[in-house]
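Structure assessment
Single-letter residue listing:
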Amino acid sequence: MITDIRPGTARSSALRAAAFGMFPMAIALIVMSTRLSDGADVARYIVWGAAVFVVLCAIGMLAGAGRAARRERDRATLDALEPLRAADGR
């Protein structure tokens, strides 16, 4: 049997929750950059860059959640096939 200290489903749901929690922060940064559009061009671009960074981090976390869920499914499949390996005699 393949065992792990941390369950994969808990990790994937935590990553999803953190990623979806980052999107309101990105929206707030975008709104802030539109408020700064009066003439502070450098500040506006810095805030836009921060918003893009937050969105990219959230997308990466969502991809990590997908990998964690896939890993958990693979482990469950291998655990289900374990009795067949023992019956094979290898």
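Everything that follows concerns the structure shown earlier in this document.
The structure reproduced in this document is the subject of the present report. Keep in mind that this is a model prediction, so the values were computed, not measured.

Thresholds, definitions, all that
Within every chain, residues take consecutive numbers counted from 1 along the sequence as written. Per-residue local features of the predicted model are confined to residues with pLDDT of at least 70, and side-chain atom pairs are confined, for both listing and counting, to 80 or more; whole-chain, interface and lining totals are unaffected and use all residues. Each side-chain value is worked out from all heavy atoms of the structure, with water and hydrogens disregarded. Helix and strand definitions here come from DSSP, where helices need a minimum of 4 consecutive H or I residues and strands a minimum of 2 consecutive E residues; each element is numbered from the N-terminal end. Each patch is built from residues that are more than 30% exposed by relative accessible area and take part in no salt bridge. Like charges join if they lie within 9 Å; nonpolar side chains (Val, Leu, Ile, Met, Phe, Trp, Tyr) join within 5 Å. Methods summary: accessible areas were calculated by the Shrake-Rupley approach with a probe of 1.4 Å, and residue burial reflects only the protein chains presented. Any Lys or Arg side-chain nitrogen found within 4 Å of a carboxyl oxygen on Asp or Glu counts as a salt bridge. Accessible area is worked out with a 1.4 Å probe on protein chains only. A residue is then buried under 20% of its type maximum, exposed over 50%, and partly exposed in between. We call a set of buried residues a nonpolar core when its members are Ala, Val, Leu, Ile, Met, Phe, Trp, Tyr or Cys and they connect through side-chain atoms within 4.5 Å of each other. Residues are treated as being in contact if the distance between any of their heavy atoms lies within 4.5 Å.

1. Side note on the environment of G49
When you line up the elements, G49 lands in helix α2 (residues 41-88). Between the alpha carbons of G49 and I30 there is a distance of 9.5 Å; along the sequence they are 19 residues apart.

2. So, a nonpolar patch on the surface
On the surface, a cluster of nonpolar side chains totalling about 440 Å² of accessible area is made up of I30, W48, V52, L56 and I59. In terms of residue count, α2 provides more of the nonpolar patch than any other element does, four residues in total. Assignment of secondary structure puts L56 in helix α2. L56 sits in the exposed class, given a relative accessible area of 54%.

3. Digging into the nonpolar core
Nonpolar side chains in soluble globular proteins tend to be buried together. Judged by nonpolar contacts, A19, M22, A26, L29, V47, A51, V54 and A58 together constitute the single largest core of eight residues. Among the elements of the structure, α1 (8-35) and α2 are those that each provide at least two residues to this core. If we ignore the near neighbours within four places in the chain, the residues touching A51 are A26, L29 and I30.

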